[in-house]
Structures are given as C-alpha cells and as structure tokens.
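Chain and residue survey
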Amino acid sequence: MADLDDIKDGKDFGLDRPADTSSFFLKGSAHLDWGMKNRLSRIFNPKTGRTVMLAFDHGYFQGPTTGLERIDLNIAPLADYADVLMATRGAMRSSISPTTQKPLVLRASGGNSILGDLSEETVAVDIEDGLRMNAVAMAAQVYIGGTYQHQSIKNVLKLIDTGMRYGMPTLAVTGVGKDMARDARYFGLASRIAAEIGAHYVKTYFVEEGFERVTAGCPVPIVIAGGKKLPERDALDMAYRAIDQGASGVDMGRNIFQAEDPVAMIQAVSKVVHELEKPDKAFQLYNDLKG
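Residues numbered from 1 in each chain as written. Predicted model: local features only at pLDDT ≥ 70, side-chain atom pairs only at ≥ 80, totals over all residues. Heavy atoms only, no water.

To continue, consider the overall build of the protein chain. Scanning the protein chain from N- to C-terminus turns up twelve helices and ten strands. The C-alpha atoms of the protein chain give 20 Å as radius of gyration, which agrees with the globular expectation for 291 residues (19 Å, within 12%). Dimensions along the principal axes, computed over C-alpha positions, put the protein chain at roughly 75 × 50 × 40 Å. Per-residue burial over the protein chain gives 50% buried out of 291 residues. Considering only contacts within the protein chain whose residues lie at least 6 apart along the sequence, 66% involve residues at least 24 apart. Carbon and sulfur atoms form 49% of the exposed surface of the protein chain, whose accessible area is close to 14500 Å². Separation of charge centres in the protein chain, based on 33 positive and 37 negative side chains, amounts to 3 Å. (Helix = DSSP H or I, 4+ residues; strand = E, 2+ residues; numbered from the N terminus. Rg over C-alpha atoms; globule rule 2.2 N^0.38 Å. Buried < 20%, exposed > 50% of the residue type's maximum accessible area, 1.4 Å probe, protein only. Contact = heavy atoms within 4.5 Å. Areas by Shrake-Rupley, 256 points an atom, 1.4 Å probe, with all protein chains shown as cover. Lys, Arg positive; Asp, Glu negative; His and termini not counted. Charge placed at Lys NZ, Arg CZ, Asp CG, Glu CD.)

Our focus in this paragraph is the packing of aromatic side chains. Under the defined criterion, the tally for this structure stands at seven aromatic pairs. Taking the centre distance of 5.6 Å and the plane angle of 40° together, the rings of phenylalanine 187 and tyrosine 205 count as tilted. You can see phenylalanine 187 sitting in helix α7 (residues 184-196) and its partner tyrosine 205 sitting in the loop between β8 (201-204) and α8 (211-216), a full 18 residues away along the chain. Taken together, the ring pairs connect Tyr186, Phe187 and Tyr205 into an aromatic cluster. In this structure, arginine 182 is placed above the aromatic ring of tyrosine 205, and the distance from its NZ or CZ to the ring centre is 5.2 Å. (Phe/Tyr/Trp six-rings, centres within 6.5 Å; stacked < 30°, edge-to-face > 60°. Lys NZ or Arg CZ within 6 Å of the ring centre and 35° of its normal.)

Turning next to the environment of phenylalanine 24. Relative to the elements of secondary structure, phenylalanine 24 occurs in the segment before α1 (34-43). Taking the C-alpha atoms as reference points, phenylalanine 24 and glutamate 208, 184 residues apart in sequence, are found 31 Å from one another. With sequence-adjacent residues up to four places away left out, phenylalanine 24 is seen in contact with Ser29, Ala30, Lys37 and Ser41.

Together, Ile114, Leu115 and Leu118 make up an exposed nonpolar region whose accessible area comes to about 340 Å². With respect to the helices and strands, the residue leucine 118 is situated in the loop between β4 (109-110) and β5 (122-123). On the basis of relative accessibility, which here comes to 33%, the residue leucine 118 falls in the partly exposed class. (Patch = residues over 30% accessible without salt bridge, like charges linked within 9 Å, V, L, I, M, F, W, Y side chains within 5 Å. Salt bridge = Lys/Arg side-chain N within 4 Å of Asp/Glu carboxyl O.)

Purely geometric stuff here, so don't read any function into it on its own.
In structure tokens form, the structure reads like this:
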C-alpha cells in the first residue's frame, strides 16, 4: 500500500488538451468493447489496417489435401511469416507448437465433408474451448442461397452472440450457394448479410468485376479467400487488386502452401498486403527468395 504520509496532489491534468476521443483504426469497430478491439488489433496490423492470414483449416472437410499431409512439416515453418493462423483446434493442438506467438482464428464450424452437401454444417467448437485455446476470433461459414442457408446463418449468429459475451470476434466466411453466380452481386449480398447480423469481419472471394462495390457495401473489414491454386504471379496480382479495391487483407491457403516455395510466397504476399508492392516487384521478390 502507498505510504499515506507522502501523498501529493496531482499537478498536470493537461487542462489545455482535450481527452482523446479518436475512433478505432479498423472499419466498423469503433464502438466495440476494449477486449474485442484488442483481439482485432492482433488480427489486423494497426499500422496498416491489414492482415495476412495463413489458412490451413481445409482438412476439416477435405482431409489430407495436397500440402497439408503433414502440418508439422509443411505449415509450421510458415507460421513466423504470417500475421494470423487460421486453423482447426485439432490441427493446432496436434501439430503447432504452443510456444508460437501468432494469433489464432479458430475454425468453429464443422459437421460436413466433400462427400456430402458442404452447406450442411453446425457449430462444432464451444466458446469455452476457443478461450482455452487463446483464440482471437472464431469463424464459421455462411451459405447464402445454399440448401442449409438458414442453419448456416444460425451458426454464425450463435458465434456472434456468445462471442459478444466474452469479447471474442466472429469471422463470417461466405460459402457459395449453388444457385448463385460467383459475381459481385452475390458476394456483395452475402458479405452485407454477414455484417448486418453482427459479424466483425468477413471472408469472401475476389471477383474481376465490381469487387470495389463488395468492399464499399460491407461496413466491416473484408479479407479475401485465396481460392483455387493459381500461378504465383497471378496470386500476387489477385492480392494486389483486392487490397487496391478495398480489402483489408487475405486469408490464403493453397496459393501459399502449394506454391513451389511456400516460405518465399508468404513473404511476397505480405509485401503486397502491407506495403502495396506491385505484383511484378513482388513476383521478383518471390523469385529472389525462392530456394
């Protein structure tokens, strides 16, 4: 306890300077609680407002797909170069060292496989396990236009409602409904619905035409999915155009861990996302680092 005989009156109250009421750096997050903002600040770099997420959660419905046969060998060496890891609890507990300081966005949806309807999912991870794993966000698919659209929206709502009680952000991942085209109109609809129901950020796909309308129409940050494997130069170009048109980052998996040199690729992607490096120079960096 402080010595009660040596208490001095405060002198510098900064009467000539008003209190700082500046808003939070991240789109749509100014009115969230301190803990929620703190977790989001670990996902998105406060200096750039952007993120490079390394996605290796594919196994929850695809099994040991190419590049993910051995997570301990193929993914662990990449972790130091990512801003965030996007994974399942099983992959993290079995294959990633708990000494890592990289934040974890935890895949919380499950209950499907490539042998069935991908939109038939449930919330497969309880919020308490997310907290035990020190996750900074929890993620679930939302399949607008899918057979199980209503259930997928309920899954995301459950994460949002429980997450708000514990200061845990929710990432809504827009799956593609089978009756909808992969265009700006669809992804704009799906992303806006996800934000309107309370998702704190959204993962969706980049489209060639009108992507700037998708990001502008979504009141929370958007990160793009890497999607199918592209040639390295094309993947860097996609990342650049997405950021240039308003995305706040990427969540890449196959375009990193299936690259000829994954370590070089994730560094080149990070250069594009955080420094807006042009695709040609980023591809040159990739080639310089390769091997």
